[in-house]
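Here's the letter readout for the chains.
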Amino acid sequence: MKTEQLAQALHVIGIELRTTNLEAMQTIPPHWQRFGQDEVLAHIPAKLNGDVYAVYTHFENAGVNNTGLYSLVIGAAVPASAEVPAGMVRVVIPASKRAVFDVEPARFDLVGAKWMEIWGHTELAKTVIAEYEHYSADGKIAISIGLQ
């Protein structure tokens, strides 16, 4: 784990799923399938690059914990002025201090285990506003958690 400062807000446009941790194993995999099958990245004209972001936000208990409903938006980083295509949403990750956890490159199968490890870090003062997985076009994977 390393800490870093996200100097300016990160805007992401993509497709949204409302779910809970209790339903996640059933709801998140089909959401990722839809992202691939519908070629969502190709339909985000203003994307900054080929990276994919999976943003967890709009928590029912924002600022407290990740129980209850939340949104998972899978998409791409865009300029703040980008228009949102039909059927998609924009989420904003505020400029913030972040804890960043690396996942072995191209090992999508290890992301869930890394989340379990992150949840075990009870010493971290998490903001529970906008957490995200960053899948770089070069295969790197990182999970970024907001810190108070």
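What counts and what doesn't
- Residues numbered from 1 in each chain as written.
- Predicted model: local features only at pLDDT ≥ 70, side-chain atom pairs only at ≥ 80, totals over all residues.
- Heavy atoms only, no water.
- Pairing = 2+ DSSP bridges.
- Helix = DSSP H or I, 4+ residues; strand = E, 2+ residues; numbered from the N terminus.
- Axes fitted to C-alpha atoms, helices over the stretch in contact; angles between N-to-C directions.
- Contact = heavy atoms within 4.5 Å.
- Buried < 20%, exposed > 50% of the residue type's maximum accessible area, 1.4 Å probe, protein only.
- Salt bridge = Lys/Arg side-chain N within 4 Å of Asp/Glu carboxyl O.
- Expected span 1.5 Å × (residues − 1).
- Arc of directions from axis to C-beta.
- Polar contact = N/O pair within 3.5 Å; in protein donor to acceptor, adjacent residues only side chain to side chain.

Asker: Run through the sheet that holds strand 1 (residues 2–6), naming residues and quoting values.
Answerer: What the 8 strands build is an open sheet, ordered 1-6-8-7-3-4-2-5; its pairing is antiparallel. Each end of this open sheet is capped by a strand with a single partner; those strands are strand 1 and strand 5 (89–93). This sheet shows a mean twist of 35° between the axes of neighbouring strands, independent of strand direction. Pairing between strand 3 (residues 52–57) and strand 4 (residues 70–78): 5 bridges, direction antiparallel. Bridge assignment links Tyr 53 to a residue of strand 4, and that residue is Gly 75. Where helix 1 (residues 24–37) meets the sheet, its contacts fall on strand 2 (10–19), strand 3, strand 4 and strand 7 (130–135), and the angle it forms with strand 2 comes to roughly 130°. Against the sheet, helix 2 (residues 111–119) engages strand 3, strand 6 (96–103), strand 7 and strand 8 (141–147), with an angle of about 25° to strand 8.

Asker: Describe unusual backbone geometry, naming the residues involved and giving the relevant values.
Answerer: Phi angles above zero are rare outside glycine, and Ala 106 is one such case at about 65°. Of note, Ala 106 is situated in the loop between strand 6 and helix 2. Note on Ala 106: relative accessible area 48%, which makes it partly exposed. Phi at Val 128 is positive, roughly 55°, even though this residue is not glycine. With respect to the helices, strands and loops of the structure, Val 128 is situated in the loop between helix 2 and strand 7.

Asker: Could you give me a rundown of the pattern of salt bridges, with the residues and numbers involved?
Answerer: In the structure shown here, the tally under the stated rule is 7 salt bridges. The closest approach of N and O atoms between Arg 34 and Asp 38, which form a salt bridge, is 3.4 Å. Under the relative-accessibility criterion, Arg 34 is labelled partly exposed at 34%. Overall, the relative accessible area of 40% leaves Asp 38 in the partly exposed class. Asp 138 is paired through a salt bridge with Lys 140; the nearest N and O atoms lie 3.9 Å apart. Like Asp 138, the residue Lys 140 is exposed in the burial classification. Connected through shared salt-bridge partners, Glu 104, Arg 107 and Asp 109 make up one network.

Asker: With reference to specific residues and values, describe helix 1.
Answerer: The end-to-end C-alpha separation of helix 1 is 20 Å, in line with the 20 Å expected for 14 residues at 1.5 Å each. Within helix 1 the residues assigned to the buried category are Ala 24, Ile 28, His 31 and Phe 35. When helix 1 is viewed along its axis, its buried side chains cluster within an angular range of 60° and face the same direction. Residues of helix 1 that are exposed and point more than 90 degrees away from the buried face comprise Met 25, Gln 26, Gln 33 and Gln 37. Considering only its buried residues, helix 1 is in contact with strand 2, strand 3 and strand 4. One or two steps after helix 1, the chain reaches Glu 39, where phi turns positive at roughly 45°.

Asker: An account of the side chain of Ser 71 is requested, with residue identities and associated values reported.
Answerer: Along the polypeptide, Ser 71 turns up in strand 4. Classification of Ser 71 as buried rests on a relative accessible area of 1%. A polar contact is formed between the side chain of Ser 71 and the side chain of Arg 18, at a distance of 3.1 Å. Those residues in contact with Ser 71, other than ones at most four positions away along the chain, are Glu 16, Leu 17, Arg 18, Val 55, Tyr 56, Thr 57 and His 58.

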